[in-house]
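# Fold and geometry: a report
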Amino acid sequence: MDDVRATLARDRLATLERLADLSDDFDRFVDASRDSNADDEHDPEGATIAFERSQVDALIQQARQHLAEVDAAMERLDGGTYGVCERCGSPIAAARLEARPTARTCVTC
Ligand SMILES: [Zn+2]
């Protein structure tokens, strides 16, 4: 289980770094859209910036969600329920946990 903890800790760190990068990107888009003519909604550059901003925003949401999953997995590890299916209570196959350390349910569920 120490391996799992190390994997989760690495994943958590990588996700935090990713979030920091994405936040930087997001801030740049916010600045860029402030600099461009914000009054003109038909400004093609403004539309591109808005689109890219929404893409980055979606990636930030994904990264946050992943971070929450990693945190939840670490809590289950501490609570001794890690690797147990949340739905049926069966042990989750090691291969599945290896492929997806944040898995909450077994393959059947
Ligand atoms: Zn199950």
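Predicted, not measured: the structure shown is a model, and the values here were computed from it. (Residues numbered from 1 in each chain as written. Predicted model: local features only at pLDDT ≥ 70, side-chain atom pairs only at ≥ 80, totals over all residues. Heavy atoms only, no water.)

## Topic: the overall build of the protein
This is how the line gets drawn: Under the scheme used here, helices are H or I runs from DSSP no shorter than 4 residues and strands are E runs no shorter than 2 residues, and both carry numbers assigned from the N terminus. What the globule rule says is 2.2 Å times the number of residues to the power 0.38, and the radius of gyration is computed from C-alpha atoms. Only protein chains enter the area calculation, which uses a 1.4 Å probe; residues under 20% of their type maximum are buried, those over 50% are exposed, and those in between are partly exposed. Any two residues having at least one pair of non-hydrogen atoms within 4.5 Å are treated as being in contact. Throughout, the Shrake-Rupley method with a 1.4 Å probe supplies accessible areas, and for residues the shown protein chains are the sole cover considered. A positive count includes Lys and Arg, and a negative count includes Asp and Glu. His and the chain ends are not counted in either. Lys charges are placed at NZ, Arg charges at CZ, Asp charges at CG and Glu charges at CD.
When helices and strands are counted, the protein shows three helices and zero strands. The helix and strand sequence of the protein, counted from the amino end, reads α-α-α. For 109 residues, the compact-globule estimate of 2.2 N^0.38 gives 13 Å, and the protein exceeds it by more than 25% at 19 Å. If one aligns the C-alpha atoms of the protein with their principal axes, the spans along those axes are about 55 × 25 × 20 Å. For the protein, the proportion of its 109 residues judged to be buried stands at 28%. For the protein, restricting intrachain contacts to residue pairs at least 6 apart in sequence, the fraction spanning at least 24 positions comes to 55%. Summing over all exposed atoms, the protein offers an accessible surface of approximately 7400 Å²; the carbon and sulfur share of this is 50%. Positive and negative side-chain charges of the protein, numbering 13 and 23 respectively, have mean locations separated by a distance of 9 Å.

## A few points about the UniProt feature "domain: Zinc finger DksA/TraR C4-type" (unreviewed entry) in the protein
The cut-off we apply is this: UniProt positions are given in the numbering used here, feature names are shortened, and annotations may be inferred rather than shown by experiment.
Feature annotation in UniProt assigns "domain: Zinc finger DksA/TraR C4-type" (unreviewed entry) to the following positions: residues 80-109. Across residues 80-109, the secondary structure splits into 20% helix and 0% strand, with the terminal C-alpha atoms separated by 20 Å.

## Here's the deal with the side chain of Thr-15
Rule in force here: Counting of polar contacts relies on pairs of N or O atoms within 3.5 Å, with two restrictions inside protein: one atom must be capable of donating a hydrogen and the other of accepting it, and residues adjacent in sequence are counted only when both atoms are side-chain atoms.
Inspection of the secondary structure puts Thr-15 in helix H1 (residues 2-35). For Thr-15, the side chain forms a polar contact with the main-chain oxygen of Asp-11, separated by 2.7 Å. With sequence-adjacent residues up to four places away left out, Thr-15 is seen in contact with Ala-63, His-66 and Leu-67.

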